[in-house]
Amino acid sequence: MPPHTRAFADLTVPPEVSVWLGEPSRPATFEHRADRVHYAASTMKLPLLVAAYRLHERGVLDLDTEVPVHNEHRSAYDGSVFALDQSDDQDDETWDRVGGTATLRKLARHATVKSGNLATDLLLEHVGTAEVAAVLRDAGCSPATRVARGIGDAAARGAGLENLVTAADLSRVIGAVEPEVERVLAGQEHRDQVPAGLPEGTYVANKTGWVDGVAHDVALVRPEGHPAYVLTVCTTADAAEETLYALNATVSAAVWERWTA
């Protein structure tokens, strides 16, 4: 059985950290400012991944199709062309394919496990923000959470088209993912937040997001001998990246201790 909410009565969370904790697709066991709105950073790639796989399942989009890899993207605001900077990305493999092709499946994986920005914008080009919005709606997310543009779309951001999330809404999305999507998330290479607070070897499928002053992680944890749980931590504060990561990892460790006691 999952721990009773009383087990978390003494859990102290810094005010800048939003937390949602509970079993997948169940009411929260613990919440702290879970409806606070944060800039999404790369957590917007989670509903994008779900949207791509849903289109594939419906036969609308073939994830094994090879598509051109390019660095010219159209703004969601005015259609103007913008380009990304490879030095801001973590996914050199996709950049090495510029001028060639890659499958949508590979782009979806690289957008997720490497948090690749170029892979994300290329995938979004084929999936579309309307389908991402449908994923959010079907998961029961609030209107506060939205994906309005790709990564690096300065014109759209300047016009107020922003990607926003809440910890509660991210938890709704990951709590409803299908096994194939969960397997992609389980290959995550960025493990400095929720996974860093867990014992080594613990199964976790997660998606991180970070920019200056922002560090988020939405994770599905499967402890041996205990029910699975979703833990989402969203932190926005004027502090170094490592400090924000440490805050979220500390929350994760405290949750693990209580959940598995």
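Quick notes on the rules
- Residues numbered from 1 in each chain as written.
- Predicted model: local features only at pLDDT ≥ 70, side-chain atom pairs only at ≥ 80, totals over all residues.
- Heavy atoms only, no water.
- Helix = DSSP H or I, 4+ residues; strand = E, 2+ residues; numbered from the N terminus.
- Patch = residues over 30% accessible without salt bridge, like charges linked within 9 Å, V, L, I, M, F, W, Y side chains within 5 Å.
- Areas by Shrake-Rupley, 256 points an atom, 1.4 Å probe, with all protein chains shown as cover.
- Salt bridge = Lys/Arg side-chain N within 4 Å of Asp/Glu carboxyl O.
- Lys, Arg positive; Asp, Glu negative; His and termini not counted.
- Charge placed at Lys NZ, Arg CZ, Asp CG, Glu CD.
- Buried < 20%, exposed > 50% of the residue type's maximum accessible area, 1.4 Å probe, protein only.
- Pairing = 2+ DSSP bridges.
- Phe/Tyr/Trp six-rings, centres within 6.5 Å; stacked < 30°, edge-to-face > 60°.
- 1 Å grid on protein atoms, 1.4 Å probe; cavity = no way out; pocket = protein on both sides within 12 Å on 5 of 7 lines; lining within 4 Å.
- Points joined across faces, edges and corners; volume = space filled by probe spheres on them.
- Nonpolar A, V, L, I, M, F, W, Y, C, P; charged D, E, K, R; others polar.

Now for unusual backbone geometry. Most peptide bonds adopt trans geometry, and most residues besides glycine take a negative phi value. Not every positive phi belongs to a glycine, and Ser25 is a case in point at roughly 60°. Looking at where Ser25 falls in the secondary structure, it is placed in the loop between strand E1 (17–22) and strand E2 (30–32). You will see that Arg33, though not glycine, has its phi angle at about 50°, which is positive. Mapped onto the fold, Arg33 is located in the loop between E2 and strand E3 (38–39).

Side chains of Asp192, Asp212, Glu241 and Glu242 sit close together on the surface and give a patch of like negative charge. One can find Asp212 in the loop between strand E9 (203–211) and strand E10 (214–222).

This part covers the pairing of E9. Where burial is concerned, most of E9 is hidden: 7 out of the 9 residues are buried. Taken together, the 9 bridges between E9 and E10 define a ladder with antiparallel strand orientation. Residue pairing in the sheet places Ala205 in a bridge with Leu220 of E10. Between E9 and E10, which pair antiparallel in sequence order, lie 2 residues; one of them, Gly213, sits at a positive phi of approximately 80°.

Across all of its chains, the model carries 3 aromatic pairs by this definition. Residues Phe8 and Phe30 carry aromatic rings whose centres are separated by 6.2 Å and whose planes lie at 35° to one another, so their mutual orientation is tilted. With a gap of 22 residues between them, Phe8 in the segment before E1 and Phe30 in strand E2 connect regions that are remote in the sequence. When sorted by exposure, Phe8 lands in the same class as Phe30, which is buried. Between Phe8 and Trp259, the ring centres sit 6.4 Å apart and the planes meet at 50°, which makes this aromatic pair tilted. Taken together, the residues span a long stretch of sequence, with Phe8 in the segment before E1 and Trp259 in helix H9 (residues 241–259) at a distance of 251 residues. A single burial state applies to Phe8 and to Trp259, both of which are buried.

Quick look at the layout of surface pockets now. Roughly 370 Å³ of volume is contained in the largest pocket. Forming the walls of the largest pocket are 19 residues, and the residues nearest its centre are Asp88, Asn117, Ile151, Gly152 and Val211. Roughly 200 Å³ of internal volume is contained in the second largest pocket. Taken together, 14 residues form the lining of the second largest pocket, with Arg74, Asp121, Leu124, Glu125 and Gly150 sitting closest to its centre. Secondary-structure elements contributing two or more residues to the lining of the second largest pocket are strand E5 (73–74) and helix H4 (117–127). Of all the elements, H4 adds the most residues to the lining of the second largest pocket, at 3 residues. By residue class, the composition of the lining of the second largest pocket is 4 nonpolar, 5 polar and 5 charged.

As far as function goes, none of this settles anything; it's purely spatial.
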